[in-house]
4 protein chains.
Amino acid sequence: MGKVLMKGNEVIAEAAVHAGCKYFFGYPITPQSELVAYMARRLPEVGGLFLQAESEVAAINMVYGAAGTGVRVMTSSSSPGFSLKQEGISYLVGAELPALIVNVVRGGPGLGNIQPAQSDYFQVTKGGGHGDYHTPVLAPSTLQEIIDLTEAAFDIADRYRTPVILLGDGMLGQMMEPVEFKELSERKPEQKEWATTGTRGDGKPRIISSLELNADALEKRNELLQKKFTMIKQNEVRFETFETEDADYIVTAYGTAARIAMNAINKARKDGLKIGMIRPITLWPFPEQPFIATRDRVKGYLSVEMSAGQMVEDVRLAVEGKAPVSFFGRTGGVVPTQEEIYDQIIQLAGGVEV
Amino acid sequence: MGKVLMKGNEVIAEAAVHAGCKYFFGYPITPQSELVAYMARRLPEVGGLFLQAESEVAAINMVYGAAGTGVRVMTSSSSPGFSLKQEGISYLVGAELPALIVNVVRGGPGLGNIQPAQSDYFQVTKGGGHGDYHTPVLAPSTLQEIIDLTEAAFDIADRYRTPVILLGDGMLGQMMEPVEFKELSERKPEQKEWATTGTRGDGKPRIISSLELNADALEKRNELLQKKFTMIKQNEVRFETFETEDADYIVTAYGTAARIAMNAINKARKDGLKIGMIRPITLWPFPEQPFIATRDRVKGYLSVEMSAGQMVEDVRLAVEGKAPVSFFGRTGGVVPTQEEIYDQIIQLAGGVEV
Amino acid sequence: MGKVLMKGNEVIAEAAVHAGCKYFFGYPITPQSELVAYMARRLPEVGGLFLQAESEVAAINMVYGAAGTGVRVMTSSSSPGFSLKQEGISYLVGAELPALIVNVVRGGPGLGNIQPAQSDYFQVTKGGGHGDYHTPVLAPSTLQEIIDLTEAAFDIADRYRTPVILLGDGMLGQMMEPVEFKELSERKPEQKEWATTGTRGDGKPRIISSLELNADALEKRNELLQKKFTMIKQNEVRFETFETEDADYIVTAYGTAARIAMNAINKARKDGLKIGMIRPITLWPFPEQPFIATRDRVKGYLSVEMSAGQMVEDVRLAVEGKAPVSFFGRTGGVVPTQEEIYDQIIQLAGGVEV
Amino acid sequence: MGKVLMKGNEVIAEAAVHAGCKYFFGYPITPQSELVAYMARRLPEVGGLFLQAESEVAAINMVYGAAGTGVRVMTSSSSPGFSLKQEGISYLVGAELPALIVNVVRGGPGLGNIQPAQSDYFQVTKGGGHGDYHTPVLAPSTLQEIIDLTEAAFDIADRYRTPVILLGDGMLGQMMEPVEFKELSERKPEQKEWATTGTRGDGKPRIISSLELNADALEKRNELLQKKFTMIKQNEVRFETFETEDADYIVTAYGTAARIAMNAINKARKDGLKIGMIRPITLWPFPEQPFIATRDRVKGYLSVEMSAGQMVEDVRLAVEGKAPVSFFGRTGGVVPTQEEIYDQIIQLAGGVEV
């Protein structure tokens, strides 16, 4: 299969199909509606099922139901719709069910607009619903990376029995790039020994539930969840660094903001400035290691976000006051330009001789 | 009015009535159902309106509608129900509408149980919904304090045009203590010049909305929101300290956990240990100042929570690596005992001679 | 109070207020939305409550809830919305709860259009929901008659503990006529000994329910219902006749169709034709008596309806084959003209010399 | 395929599968839940789709959606659930969409109970929803007949583009009898030239709608519908007679009541009484012909129903006063016994010498 030119939202959808996802439940919302439309057409072709739910709340609960049978299942939405799914996500975590949930972030808060944003960082990384939990969050910055991370997301979901979030933004969803898919192979769905597929009169019923009225028992379950979160932190952290070894200053950004920041850094390097880059790919677990490895040496960090400053808090937690952490962001659907970021770098670095 | 013995949930309700709240929209969920039941009976007595909505989502949107007319309005729920309100809360923030939202936290994640917990800290302090926002969060630790903070919550809501969260837990909601209310006075509802109460053919319609399709305009609105958040941080931080001046170690806790921790600290002090206490009353804005004031001097902090460790993150952000920060928590509805906390203190302080 | 010029939908609403109705639950649908809007403004003025429900199904169930407390309560809708209420109406009958339900009929079936029609005759008279039941149906033909029949409807509802239907059509709802209301007096709401208003710890709880799992017991309840229906048939039949004594042919029609038919009959009388008129005012119970009184004498009946022929079935049941029964109708929102009806009369009477 | 012993509800389901039905949307309600459960398991086996809707209203609207694509689709419910579908049925009629709707009638009105009844006769035969319409209603009285009539129902639905109702009752649904199915053959689904299956960029979109805002145009559509109803009356009437030729008295009954009445008639015949039977199989169109053929000759008719008297009205319309029409019924879920019916026959026939 050669390269094909596709829209980001469609790439997520096709990547999910390639990853063996046959079930989609969702409700259309801009700027991710192409994903829903693609699945409506595509899933029947692979013997799957697409269902447009009557609401975002219904969609996430249908995901819960399907996930309980052990199949690969997903939903997708954009910011307001994602907020409506918070209760359902907490239930998926509590019942330890694997699923993929896509958030193609748009400008907020409230109705906001349909332009790209990264202002849902807290809601996806801190456990936007109730109870002590986190979900792995994968943040691609190119359409090709979407393909890899969508498959990885389903694998992580199955490996740890957890919902996983793929975090995009309106720009990633709407942009077109050439991408290359592997040959579509008939994946044998994994047999899951916990799945509730019916006993057919043979054996004890399996039970999937997040209810546990006894406090001690619920604490035990929470301890197991916390152990799982620790394992995920140990095994699943993903990030990319660029010339951090000799860097005086390190820019950090993810997703669309990272693409643009990278251009600014390249220009700064050409101008003789020693600027490095840390690009978190998993937002939770947050890649603390590259910060710890550099914090005693660099003169400062700059977190660039399409938000009023959210990831910067995780950067500060990783840096622990060992170096100054600055922030630059645009909000409301405004995408920062390469020039703006370059200017921020210059300002940070105390000017440059040109 | 002398002292009366009441349940915490009822105290919240009556305190809201005293604060001039005449409208309640909600959906019953344990362990806060007494609040709903109390309002159903009480509000008609003061010429108000109680409405049990068809769902948590409906309830928060009814709050949006009523808040738009400028009246004092509230809803309440417990963890799963609160998660369902995340979209609505983000809309209230975006449309700058004042309202009180109560979360009587229970064990999670998922259905969990109906025992007391503090595991919704992230969801209430980080902006559990989409977009860049925070809402003031008030966390009382006694029933009498509920009365003060409920009134304060409504005042802050009106002053800044923002939803405010009152964070309780199942223990605070279910326990009984003697409380004293001020005489109920007929509060004249404040005239709000932005309220949409109908033009009656006279003057231009006022518009309340969180929609702003233009990115630059939405960024402007976000900047105004951020300014508001900064003002709230400057003016509305509340906390209580106890013998932090000479403390070697400082315990920090809020709500029910703070009540119990205080007993443990008292015992430790009797045993000659120099232990202090910082009790955040506002969780957002988080009281950084008492940590900044002590972090260069103390040997360590201990965050005690009924969660797997959430507030501890804000403590670390405030301490910035200047002193070790430990954590002790119980989850799943288990309430830590005074003895457990005392043991943690001892362990932290390196033992005590008895 | 002199005469005022009002729209039919508003007359229904104000007449209900005059009849002591203080509670309205509904959902807007053309051509009766003015009724809903009027109530939204009017009920708070008389200390009542207006609530726009989230659906027609919700509205009728809210009526059930309010009716159970013994207050005068109503809802209104138009054809598709009325169909959605069929389950609820059956529940009101089964639980023996008084309420007023207005149907301002529009063209059907399906979405149809918003023009006047009488094609819901079967659904209102035969018990459109499940189970053996009928509800009294009152069909005014002028706006002034609306005032009388609305009050009568509430009285019948209370007297027999039954939902009552007021059947209008788009023309009656939208037309304007001068009407005169009596002085609005503060009606003391009737004390209803079956109403579930709370025991306040005193006495046995009253129970309102349509559930009766035991077949013999449910049959007993059905026998009581049938007795009630027989009493209503004996006491509450309403109709109007016009020169039936010497009539060769009798036209029968109700509501808007009756107004227009009356003009055609007047013209026929002027032209020397002996035409009489029977105008059912209650559609159930259907006025059989004027048909029985004339059927052995007249040469024929003509049922004129804004439908494909529904009431004509009840006419045939009353006439029992003793005289020919013809039908003329227009459907789909077309209102028959005086000329058309006159032509039908001529045709029936075998021509007229002019 | 030999005989198999099955429950009535399951027979309906399997008969539908045999008739080529691959889509089921419904909501469980006793006493027809086995039908829903059977379909949930069975439809995936034949490449079909089962979906439990969020409500009865949703289910009938999903049927509308699926029917629009030309596939064979069904839903089923029991009395209260059927009432909730009235709006949707009217829409199916207005949009001329074929579908099967099963009503396994239980005792009413309201919640009633879950015992067998026939008290939904009016609601299924008179067009329980709004607008001028009827739907064909098939009423089997044995499980084997269910198989034939279910296939016939789908054929009639397709032939006339109309929803068709299969009317059972709790007894038929719950009883077990040996039945024989034909070999399941892979029915090629009929190509329907009106179905909205997507133009794929080729040709004009087809439109399915019941909306027609213009009154004249809607009247035209109603005239076409009426023509269709006339054709159905001419072609699709089904009934069974038993020894009506020499009968002094004729009993008429359908469904479960007919089974029991038949036994009573057999006994009466043995006792020398000339009793015949007319068993309507289609309730709409009602079989008037066997009544017309006998009404001038017999001494009387007896309508036996599990209701307070509904079909008896259609009997009277058919008999037109030419002979007395009596009624015997039981309600509330009570099934009449053979002895009771025999006694009624004796009473009618003026006693019998034994």
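Residues numbered from 1 in each chain as written. Chains lettered and ligands numbered in written order. Predicted model: local features only at pLDDT ≥ 70, side-chain atom pairs only at ≥ 80, totals over all residues. Heavy atoms only, no water.

Looking at an unreviewed UniProt entry, chain A carries the name 2-oxoglutarate oxidoreductase, alpha subunit, with the source organism given as Mesobacillus selenatarsenatis.

Q: Sorry, what's going on with the overall build of chain A here?
A: When helices and strands are counted, chain A shows 13 helices and 14 strands. Whereas a compact globule of 354 residues would reach a radius of gyration of roughly 20 Å, chain A reaches 21 Å, a difference of no more than 12%. With the principal axes as the frame, chain A shows a C-alpha extent of 80 × 50 × 40 Å. Burial statistics for chain A: of 354 residues in total, 60% are counted as buried. Looking at chain A as shown, the accessible area adds up to about 13200 Å², and 51% of this sits on carbon and sulfur atoms. Once the 36 positive and 44 negative side-chain charges of chain A are each reduced to a mean point, those two points are 3 Å apart. (Helix = DSSP H or I, 4+ residues; strand = E, 2+ residues; numbered from the N terminus. Rg over C-alpha atoms; globule rule 2.2 N^0.38 Å. Buried < 20%, exposed > 50% of the residue type's maximum accessible area, 1.4 Å probe, protein only. Areas by Shrake-Rupley, 256 points an atom, 1.4 Å probe, with all protein chains shown as cover. Lys, Arg positive; Asp, Glu negative; His and termini not counted. Charge placed at Lys NZ, Arg CZ, Asp CG, Glu CD.)

Q: Whenever I open this one, the sheet that holds strand β12 (residues 282-284) of chain C confuses me. Can you help?
A: For sheets, the rule is that strands pair by backbone hydrogen bonds, running either parallel or antiparallel. Residue and element names in this part refer to chain C. As summarised here, the arrangement of the seven strands in space is β3-β2-β4-β5-β7-β6-β12, forming an open sheet in which the pairing is mixed. The open sheet is flanked by β3 (49-52) and β12, the only strands paired with a single partner. Examined bridge by bridge, strand β5 (residues 99-105) and strand β7 (residues 163-169) share seven bridges and lie parallel to one another. Across the sheet, Asn-103 pairs through a bridge with Leu-167, a residue of β7. Contacting β2 (23-26), β3, β4 (73-77) and β5, helix α3 (residues 56-67) crosses the sheet at an angle of about 165 degrees to β4. (Pairing = 2+ DSSP bridges. Contact = heavy atoms within 4.5 Å. Axes fitted to C-alpha atoms, helices over the stretch in contact; angles between N-to-C directions.)

Q: Before we go on, may I ask you to explain the environment of Val-335 of chain B in this structure?
A: Residue and element names in this part refer to chain B. As for its placement among the helices and strands, Val-335 is situated in the loop between β14 (325-329) and α13 (338-349). Residue Val-335 is classed as partly exposed on the basis of its relative accessible area of 23%. Considering only alpha carbons, one finds Val-335 and Leu-100, 235 residues apart in sequence, at a separation of 26 Å. Apart from the residues lying within four places of it in its own chain, the contact partners of Val-335 are Pro-116, Met-171, Thr-256, Ile-260, Met-306 and Glu-340.

Q: What am I meant to see in the relation of the copies chain C and chain D here?
A: The transform that puts chain C on chain D rotates by 180 degrees and translates by 0.0 Å along the axis, for an RMSD of 0.0 Å. Given the turn and translation reported, the copies of this chain are related as if by a two-fold rotation axis. (Least-squares fit on C-alpha atoms with pLDDT ≥ 70 in both.)

Q: What exactly am I supposed to notice about helix α5 (residues 86-94) of chain D here?
A: In an α-helix, one turn spans 3.6 residues; hence positions three or four apart end up facing the same way. Residue and element names in this part refer to chain D. In terms of burial, α5 is largely enclosed, as nine of its nine residues are buried. Restricting attention to buried positions, one finds in α5 the residues Gln-86, Glu-87, Gly-88, Ile-89, Ser-90, Tyr-91, Leu-92, Val-93 and Gly-94. A positive phi of about 55 degrees marks Glu-96, the residue just after α5.

Q: Sorry if this is basic, but what is going on with the sheet that holds strand β13 (residues 300-305) of chain C here?
A: All names here are of chain C. Spatially, β9-β11-β10-β13-β14 is the arrangement adopted by the five strands of the open sheet, whose pairing is mixed. The two strands at the open ends of the sheet, each matched to only one other strand, are β9 (239-242) and β14 (325-329). Neighbour-to-neighbour, the strand axes of this sheet turn through a mean angle of 20 degrees, independent of strand direction. Pairing of β13 with β14, which is carried by five bridges, proceeds in the parallel orientation. In the strand pairing of β14, Val-304 is matched with Phe-328.

Q: Looking at this structure, how should I read the interface of chain C and chain D?
A: How big an interface is tends to be reported as the loss of accessible area on association of its parts. On the side of chain D, 58 residues touch chain C, which itself brings 58 residues to the contact. Between chain C and chain D the total buried area reaches about 4600 Å² when both faces are included, carbon and sulfur atoms providing 58% of it. Taken as a group, Pro-109, His-130 and Asp-132 of chain C account for 14% of the area that chain C buries against chain D, more than any other trio of residues on that side. Between the two partners, chain C and chain D, sit four salt bridges. Of the charged contacts, one joins Glu-219 of chain D and Arg-330 of chain C as a salt bridge, the two residues approaching to 2.5 Å between their closest N and O atoms. At the boundary of chain C with chain D, the tally comes to 30 residue pairs in polar contact (both at pLDDT 80 or more). Secondary-structure elements contributing two or more residues to the side of chain C that touches chain D are α4 (79-84), α5 (86-94), α6 (121-125), α9 (215-235) and α12 (311-319) of chain C. Counting residues per element, the side of chain C that touches chain D draws most heavily on α9 of chain C, which supplies seven residues. Taken together, the residues of the side of chain C that touches chain D sort by class into 17 nonpolar, 30 polar and 11 charged. (Buried area = accessible area lost by both parts, 1.4 Å probe. Salt bridge = Lys/Arg side-chain N within 4 Å of Asp/Glu carboxyl O. Polar contact = N/O pair within 3.5 Å; in protein donor to acceptor, adjacent residues only side chain to side chain. Nonpolar A, V, L, I, M, F, W, Y, C, P; charged D, E, K, R; others polar.)

Q: Would you explain the domain arrangement of chain A in this entry?
A: Residues and elements named next belong to chain A. By domain assignment, chain A separates into domain 1 (3-235) and domain 2 (240-349). For domain 1 and domain 2, the distance between their C-alpha centres works out to 28 Å. At the interface, 32 residues of domain 1 touch 25 residues of domain 2. Across the interface of domain 1 and domain 2, roughly 2400 Å² is buried in total on both sides, 56% from carbon and sulfur atoms. (Domains from an automatic or database assignment.)

Q: I would appreciate a short explanation of the pattern of salt bridges in the present structure.
A: Side chains that differ in sign of charge can pair as their charged atoms come close. Taken as a whole and assessed by the stated rule, the structure comprises 88 salt bridges over all chains. Glu-320 of chain B is paired through a salt bridge with Arg-295 of chain B; the nearest N and O atoms lie 3.1 Å apart. Residue Glu-320 of chain B is located in the loop between α12 (311-319) and β14, and its partner Arg-295 of chain B is located in the loop between α11 (289-292) and β13 (300-305); the two are separated by 25 residues in the primary sequence. On the basis of relative accessibility, which here comes to 11%, the residue Arg-295 of chain B falls in the buried class. Residue Lys-7 of chain D pairs with Glu-34 of chain D through a salt bridge whose shortest N-O separation is 2.8 Å. Residue Lys-7 of chain D is located in strand β1 (residues 3-7), and its partner Glu-34 of chain D is located in helix α2 (residues 33-42); the two are separated by 27 residues in the primary sequence. Given the relative accessible area of 22%, Glu-34 of chain D is considered partly exposed. Linked by salt bridges that have partners in common, Glu-14, Arg-41, Arg-42 and Glu-45 of chain A make up one network.

Q: Got a minute to help me understand a nonpolar patch on the surface in this structure?
A: Taken together, the side chains of Leu-111 and Ile-114 of chain A together with Leu-211 and Leu-213 of chain B present a nonpolar region at the surface, about 310 Å² in accessible area. Along the chain, Leu-211 of chain B falls in the loop between β8 (176-179) and α9 (215-235). (Patch = residues over 30% accessible without salt bridge, like charges linked within 9 Å, V, L, I, M, F, W, Y side chains within 5 Å.)

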